[in-house]
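A look at the structure
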Amino acid sequence: MKLNFLDKVLLLVNSILLTAQIILMGTFGGFFTFPLFNLLVPVIAFVNLIFVSYWLIKLKWPVLIFIFSLLVGFNQWGMLYKLPNNAVQVSKGLKVMSFNVRLFNRYEWIKSKHIPQKISSFIKTESPDIFCLQEFAMEQSPEFSDYPYRFIEPSFKNGQNALSIFSKFPLINNGVIKFNNSNNGAIYSDIVYKNDTLRMYNIHLESLRLNIKDTLFSQEHSLKFKNRIEQVLLKQQSQMDQFEKVDKSNKYPAIVCTDLNNNAFSKVYSCLSKNRKDAFVETGGGLGTTYKLAYFPFRIDFIFADPKFELITFKTYQKSLSDHNPISATIDWKLSLIHI
């Protein structure tokens, strides 16, 4: 069927956006020179899906362009969306949870005074073996009495913003990575599990501080916004360098829980996922949304595991307990590595 003038204009826009999406996803390696656009991959992908729906309804040939782009970037699409995993869990492993609790709603962003109790009840119900919390507030925190072993490190001197690791297994070694000129940081604990030792990292990278009031519609605002984002991205990369320097001396297989404050198409994700497995990519399903900005879904919270581990399950919880959704993964040693 021939394309009319409007269709030709739409085809041009669709082609530009599909090309941008493939590049921003890193299909051909490397990263776009303005990494802010990497954050917008979910938005661009959503627009492209609207286009393909239009071409399908109209039964017009440009739908083939989308199919081609899907085939070219198939692996990268898997970082954005996974078909539901209906596999039956046949083995039990170490259940690990990561959750940015946003200070347990200290400033009542959510109109409820019972958020700490609800978070406590949620974690008790899910019963992870280990859980990592970012933006942990000392005074508002529940007791979490089921977890006798814990490591909590304040980001501020007053202790009101911290990182924490709670465990049902003894923590035999704890450490802190203080990020330069930042209120964010990372902590770690070594844990004995099934007669072997693993390291658990909890990392919280610098926030991009994006909000729906940000605009690019004037030259002045565009330049300020661009400069702010570029400075934060540079700081995130510096923080990743600090983490990698510490991790080089780590002799144990590691599990990493993190609020990356960036998505799976960013440079910091590429660094952190190198030689590690993304639990969502391996065993997750759906979009895996952990954070929403202006109603668009973003996956900025992650659990990574050393290749010496087997990833059994991954779950994203749709809970209104913070501005982030909690995530969990069930992980175990590969059978060939278990010491008998």
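Before any of the text, the structure's been laid out above.
These remarks concern the structure in this document. Only a predicted model underlies this, so the values are computations on that prediction, with no experimental measurement involved.

Attention now moves to the overall build of the protein chain. Within the protein chain, the regular secondary structure consists of nine helices and 14 strands. Sorting the 340 residues of the protein chain into buried and exposed places 51% on the buried side. Counting contacts in the protein chain only where the partners sit at least 6 residues apart, residues at least 24 apart contribute 68% of the total. Accessible area for the protein chain stands at about 17,600 Å²; split by element, carbon and sulfur atoms hold 59% of it.

On inspection of all chains with the given rule, the structure shows 21 aromatic pairs. Ring centres of phenylalanine 144 and phenylalanine 166 lie 5.1 Å apart, and the angle between their planes is 65 degrees; this geometry places the pair in the edge-to-face category. You can see phenylalanine 144 sitting in the loop between strand S2 (130–136) and strand S3 (149–154) and its partner phenylalanine 166 sitting in strand S4 (residues 162–167), a full 22 residues away along the chain. Per residue, the accessibility class of phenylalanine 144 equals that of phenylalanine 166, and both read buried. Considering the side-chain rings of phenylalanine 302 and phenylalanine 304, the 5.7 Å spacing of their centres and the 20 degrees angle between planes classify their relative orientation as stacked. Here phenylalanine 302 falls in the buried class, since its relative accessible area comes to 0%. Counting every residue linked through ring pairs, the aromatic cluster contains Phe104, Phe131, Phe136, Phe144, Tyr147 and Phe166.

It is worth spelling out helix H3 (residues 41–58) at this point. In this model H3 runs 26 Å from its N-terminal to its C-terminal C-alpha over 18 residues, within 8% of the 26 Å that 1.5 Å per residue would give. Looking at H3, one finds that the buried residues are Val41, Pro42, Ile44, Ala45, Asn48, Phe51, Val52 and Trp55. Looking at the buried side of H3, the elements it contacts are helix H1 (5–24), helix H2 (36–39), helix H4 (63–72), helix H5 (74–80) and strand S11 (296–298). Leucine 59 lies just past H3 and shows a positive phi near 55 degrees.

Note that valine 232 resides in helix H7 (residues 219–247). Note: C-alpha distance between valine 232 and glutamate 206 (26 residues apart in sequence) is 6.7 Å. Each residue touching valine 232, except ones within four places of it in the same chain, is listed here: Glu206, Ser207, Leu208 and Arg209.

Strand order across the open sheet formed by six strands is S5-S6-S7-S8-S12-S9, with mixed pairing between neighbours. Lying at the two open borders of the sheet, with one neighbouring strand each, are strand S5 (171–178) and strand S9 (277–278).

In the contact formed by H1 and H4, the axes pass within 11 Å of each other and the chain directions differ by 5 degrees. It follows from the interaxial angle that H1 and H4 lie roughly parallel. Facing Leu11, Ser15, Leu18 and Ile22 of H1, the residues of H4 in contact are Ile65, Phe66 and Ser69.

What follows is about the nonpolar core. With 36 residues, the main nonpolar core has Ile203, Met240, Leu260 and Leu272 as its most contacted residues. Apart from the residues within four sequence positions on either side, leucine 272 is in contact with Ile203, Met240, Phe243, Val256, Thr258, Leu260 and Phe304. Formed by 26 residues, the second largest nonpolar core is a distinct cluster that contains Ile165, Tyr193, Leu311 and Ile327.

Turning our eyes to something else, we now look at the sheet that holds S4. Strand order in the open sheet formed by six strands is S3-S4-S2-S1-S14-S13, with mixed pairing between adjacent strands. Strands with a single pairing partner mark the edges of an open sheet, and in this sheet they are S3 and strand S13 (309–316). For this sheet the average axis-to-axis angle between neighbouring strands, irrespective of direction, equals 15 degrees. The sheet contact formed by S3 and S4 spans six bridges and is antiparallel. Counted as the bridge partner of tyrosine 149 is serine 167 from S4. Strands strand S1 (94–100) and S2 of the sheet are contacted by helix H6 (residues 115–126), whose axis makes an angle of about 165 degrees with S1.

What counts, and where the lines are drawn
- Within every chain, residues take consecutive numbers counted from 1 along the sequence as written.
- pLDDT decides what is reported in this predicted model: residues at 70 or higher carry local features, side-chain atom pairs at 80 or more are listed and counted, and totals for whole chains, interfaces and linings draw on all residues regardless.
- The side-chain numbers reported here are obtained from all heavy atoms of the structure, hydrogens and water having been left aside.
- Numbering of helices and strands runs from the N terminus, with a helix taken as a DSSP run of H or I at least four residues long and a strand as a DSSP run of E at least two residues long.
- Note on classification: 1.4 Å probe, protein chains only; a residue is buried when its accessible area is under 20% of the maximum for its type, exposed when over 50%, partly exposed between these limits.
- In what follows, a contact means two residues having at least one pair of non-hydrogen atoms within 4.5 Å.
- The protein chains shown are the only cover counted for residues, whose accessible areas, like all others here, come from Shrake-Rupley with a 1.4 Å probe.
- The aromatic pairing rule takes the rings of Phe, Tyr and Trp, using the six-membered ring of Trp, and pairs them if the centres are within 6.5 Å, calling planes under 30 degrees apart stacked, those over 60 edge-to-face and the rest tilted.
- To estimate how far a helix should reach, multiply one less than its number of residues by 1.5 Å.
- Any two strands between which DSSP finds at least two bridges are classified as paired.
- Axis lines are fitted to C-alpha atoms, over the contacting stretch for helices. Their N-to-C directions set the angle, which ranges from 0 to 180 degrees.
- Here roughly perpendicular refers to angles of 65 to 115 degrees, roughly parallel to angles under 35, roughly antiparallel to angles over 145, and oblique to all remaining angles.
- Throughout this description, the term nonpolar core refers to a set of buried Ala, Val, Leu, Ile, Met, Phe, Trp, Tyr and Cys residues connected via side-chain atoms within 4.5 Å.

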